[in-house]
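# Working through the structure, step by step
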Amino acid sequence: MIDLPIQCTCGSVRGTLLDVAPSTVQNLVCHCIDCRSTLRHLGRANDLLTEHGGTAVVHSTPARMQITHGHTHVGLLRLSPKGLLRFYATCCNTPIASMLDDPRQAFVSIARCILPSDADTHLGPAVGVRGRSAIGNLRTLDAAHNVPAWLVARIGWRLAKQRLQGQARPSAFHAADGTCIAVATILTLEQRTAAQHDPR
Ligand SMILES: [Zn+2]
Ligand SMILES: [Zn+2]
């Protein structure tokens, strides 16, 4: 296992992802509309979406993700009032990580772009998921229609194990009293609709 540096595009928000190995993280490219909408809303669709509208993410746990610099540049978006907590860097609109709004869940989905570009050997092969929402030339798409059963099983098993291991907390995005370090901006219906629009 290895510890990898993480940083936003401009370098103001920095930190470390601990204990990285194919056995502790899940490398994914998600083609769902919510992931894509987040990048569009942040104005990062052009440089961060794959040619099929996919978003590259790496699953790990809150306890393994440390932010050491730039806490004041951490912002929080929610696509809807009960949507995932989607943290991003306000300095350069870089997505950082998404979490469930539940302190018992040992889950964080980290934007691949904040990890070193040459880290794939430590992350394991990326699995394409939710291909039913992909865009572009679907003949060249390498992704499951939804999430394959083996991956659902692996993620579920890991979530249970990590929860028992106490990996849900601490969280770099939460204060000791459990409140988020950033105030959530919830997208309006108009903003969400605009971000969901797939240009032809
Ligand atoms: Zn930045
Ligand atoms: Zn997604």
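As a starting point, this report considers the structure included with it. Keep in mind it's a predicted model, so treat the numbers as computed, not measured. (Residues numbered from 1 in each chain as written. Chains lettered and ligands numbered in written order. Predicted model: local features only at pLDDT ≥ 70, side-chain atom pairs only at ≥ 80, totals over all residues. Heavy atoms only, no water.)

## Side note on the sheet that holds strand β11 (residues 184-186)
Quick note on the threshold: Pairing between strands requires that DSSP locate at least two bridges from one strand to the other. Every helix listed is a DSSP run of H or I at least four residues long, and every strand listed is a run of E at least two residues long, numbered separately from the N terminus. Helix axes are fitted to C-alpha atoms over the stretch in contact, other axes to C-alpha atoms as well, and angles between N-to-C directions run from 0 to 180 degrees. The contact rule is simple, with two residues in contact once any of their heavy atoms fall within 4.5 Å.
Sheet architecture is open: eight strands sit in the order β10-β3-β4-β9-β8-β7-β6-β11, paired in mixed fashion. Two strands close off the open sheet at either side, each with one partner strand: β10 (127-129) and β11. Within this sheet the neighbouring strands show an average axis-to-axis angle of 30°, counted without direction. Direction of pairing for strand β4 (residues 55-60) relative to strand β9 (residues 108-111): antiparallel, over a ladder of four bridges. When the sheet's bridge partners are listed, His 59 is paired in β9 with Ser 109. Each of β3 (26-30), β4 and β10 is contacted by helix α4 (residues 149-164), which is oriented at about 130° to β3, the strand it contacts most.

## Examining the coordination of the zinc ion (ligand 2)
Heads up, the condition is: Metal-coordinating donors are taken as N, O and S atoms lying within 2.8 Å of the metal, or within 3.2 Å when the metal is Na, K or Ca; because water is left out, some sites can appear incomplete. Using a 1.4 Å probe on the protein chains alone, a residue whose accessible area is under 20% of its type maximum counts as buried, one over 50% counts as exposed, and one in between counts as partly exposed.
Listed as protein donors to the zinc ion (ligand 2) are Cys 30 (SG), Cys 32 (SG) and Cys 35 (SG); their distances from the metal cover 2.2 to 2.3 Å. Mapping the donors of the zinc ion (ligand 2) onto the primary sequence gives the spacing C-x1-C-x2-C. With respect to class, Cys 30 is no different from Cys 35; both count as buried.

## Here we look at the nonpolar core
To keep it simple, the criterion reads: Only buried residues count toward a nonpolar core. Its members are Ala, Val, Leu, Ile, Met, Phe, Trp, Tyr and Cys residues joined through side-chain atoms within 4.5 Å.
In terms of nonpolar packing, the biggest core is built from 28 residues, with Met 65, Ile 96, Ile 110, Leu 115, Leu 123 and Phe 173 touching the most fellow members. Those elements that place two or more of their residues in this core are β1 (2-7), β2 (14-20), β5 (65-69), β6 (74-78), β7 (85-89), β8 (94-99) and β9. Those residues in contact with Phe 173 that sit more than four places away from it in its chain are Met 65, Ile 67, Val 74, Phe 87, Ile 96, Ala 97, Met 99, Thr 179, Cys 180 and Ile 181. One finds Leu 28, Cys 32, Cys 35 and Val 127 within the second-largest nonpolar core, a separate group that totals eight residues.

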